[in-house]
Every structure is written in C-alpha cells, then in structure tokens.
Amino acid sequence: EKRKYVMDGINSLREGKVALIILAGGQSTRMGTDIVKGTIDIGLPSGEDALENDAQGKSIFQLFCDRLLRLKELVGGELHIPVMVMTSPLNHTATVEYIFVIPFGLLHVTFQAHHFFGLSEEDVIFFTQGVFPCLDQQGRIIMRSRTNDPPPLLSSLIAVNPNGSGGVFEALLNQRNQVDGVPLCQWLQNRHVEFLHMIGIDDAACAVETPPRVIRS
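Scoring rules and cut-offs
Residues numbered from 1 in each chain as written. Predicted model: local features only at pLDDT ≥ 70, side-chain atom pairs only at ≥ 80, totals over all residues. Heavy atoms only, no water. Helix = DSSP H or I, 4+ residues; strand = E, 2+ residues; numbered from the N terminus. Buried < 20%, exposed > 50% of the residue type's maximum accessible area, 1.4 Å probe, protein only. Contact = heavy atoms within 4.5 Å. Areas by Shrake-Rupley, 256 points an atom, 1.4 Å probe, with all protein chains shown as cover. Core = buried A, V, L, I, M, F, W, Y, C linked by side-chain atoms within 4.5 Å. Pairing = 2+ DSSP bridges. Polar contact = N/O pair within 3.5 Å; in protein donor to acceptor, adjacent residues only side chain to side chain. Salt bridge = Lys/Arg side-chain N within 4 Å of Asp/Glu carboxyl O.

Chemist: Describe the overall build of the protein, listing the residues and the values that go with them.
Modeler: The helix and strand inventory of the protein stands at six helices and eleven strands. In the protein, buried positions account for 43% of the 217 residues. Taking as baseline every contact in the protein between residues at least 6 positions apart, the subset at least 24 positions apart corresponds to 67%. As displayed, the protein has an accessible area near 12000 Å², and 53% of this comes from carbon and sulfur atoms.

See below:
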C-alpha cells in the first residue's frame, strides 16, 4: 500500500499536479531577532563547508530549494513545481530581498541574484497573508510607537501581526494576490494543480514534497 502512495505521488509530481507552499509570514521574535526566519543560516554542516570556501552558508529557504531540486532529479522528467512563498506585509520586502546571517557580517543577496537557487523563476511566487491587530491581556488594541516608521503597506498606527498559518486560505482567494491577472487559487487551477504541500518555515528538517506526503488541496 505504501508503494502505491509513493507511485501516486511521483505520478502527480510528473504531471504537474503538485505545488509547494512555504508559510513564511511570521516574525522571529521567539528567536530574539527581527531577521526573517527563512533567511537564517541554522549552521548545518553543508553551510559550514560553504563558509570554508568563502561562500555564504545555506539559509532555510535554500535548504528547501535544494531538497526540491534533488526531488526533481529522483523523480525525473521536466518538472515545473510551483513554489509559493507566503509572506506578510511586515516581512515581504525583506523576504524577497533578504539578508543571509553569516559569522563575518551581513551579506545582502536576493532570490534573483541567486537565480532562484536553481528553480525556474516562473515557478517561484511570493504572496502576502493578512494581518490582525495586536491586543494586550485586557483585550485593548496596542498602538505602534510614533517614533517608528510603519512598514510598507501599513499606514495605520495600530500594531499588527500576521493572521497565522490559517491565513493562507484567505490569501489564496484574496484579489490582492494575483499572478497573470488572476487570483492565486485560479492560477493554480489554470496550471491543473490538484495537491498542495504546505510547510512552515520553522520546519527546516521537512522532507519537501516527498511523494507519500502530498496532501490533497
């Protein structure tokens, strides 16, 4: 039975029916930093080897892309798997044009500069989730500091946070997120995508789109 699931997953990948969604709209407050989580080098041995060769370590985003490229090699064929990165208005720009954290300082690089880590540019999509106002323990709305400039798309002085991983469903349907002039959900249908594999940016050890893990959308 497991073999059947594996073959069903491989066939779905070959037929272009699978898309990957990376949930990356959250902040890094629990890590004690304001750097976008997906851009952090978590210090894996592969990253250490890169640093010995005067190259930057691997971010979580790159780890996911590397695994997807390896999966393409194993499955075979000319695969075009949409990679959809969900950001929030608080970290969208910093995600698209992000900073690698390396011991020797901060190196500014972009997805474009790295040629989308080997993926096809047409297959990589960035979209934003919604936000909720921040409340204190008494249920009162928290205001932003007037001394800080609001981030892009946030002109209000009300403090806000991303609306959680569940916000992906609203984001897929919202007209603000479009590709080729259509909402993301319609774009996926136009590409005949039937399955979505959603992973949180915190899950750096995730086996990206391993065939049995494909989840029906």
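Let's pick the thread back up.
Chemist: Summarise the nonpolar core; cite the residues concerned and give the values.
Modeler: Residues Ile22, Phe64 and Leu68 are the most contacted members of the largest nonpolar core, which totals 27 residues. Breaking this core down by element, the ones donating at least two residues are α1 (2-14), β1 (18-23), α3 (60-75), β2 (83-87) and β10 (195-200). Residue contributions to this core peak at seven residues, all from α3. Ranked by size, the runner-up nonpolar core spans 16 residues in total, among them Ile21, Met86, Val168 and Leu172.

Chemist: How would you explain the pairing of β1 if you had to name every residue and give the values?
Modeler: For a regular strand, the rule is simple: side chains alternate between the two faces of the sheet. When you tally the buried positions in β1, you get six out of six residues, the bulk of the element. Summarising the sheet, β1 and β2 pair through four bridges and their orientation is parallel. In the strand pairing of β2, leucine 23 is matched with methionine 86.

Chemist: With reference to specific residues and values, describe the side chain of threonine 87.
Modeler: Tracing the backbone through its elements, the reader meets threonine 87 in strand β2. For threonine 87, the side chain forms a polar contact with the side chain of histidine 92, separated by 2.7 Å. Filtering out sequence-adjacent residues up to four positions away, threonine 87 remains in contact with Ala24, Gly25, His92, Thr95, Phe127, Thr128 and Gln129.

Chemist: Can you tell me about the pairing of strand β5 (residues 124-128), naming the residues and giving the values?
Modeler: Counting buried positions over the five residues of β5 gives four, a clear majority of the element. Bridge analysis of β2 against β5 gives five bridges, and the strand direction is parallel. For valine 85, the partnering residue across the bridge sits in β5 and is phenylalanine 126.

Chemist: Let's hear about the pattern of salt bridges: which residues, and what values?
Modeler: Inspection of every chain in the model, using the stated rule, returns eight salt bridges. Between glutamate 170 and arginine 176 there is a salt bridge, and its shortest N-O distance comes to 3.3 Å. On the basis of relative accessible area, arginine 176 is assigned to the partly exposed category, the value being 39%.

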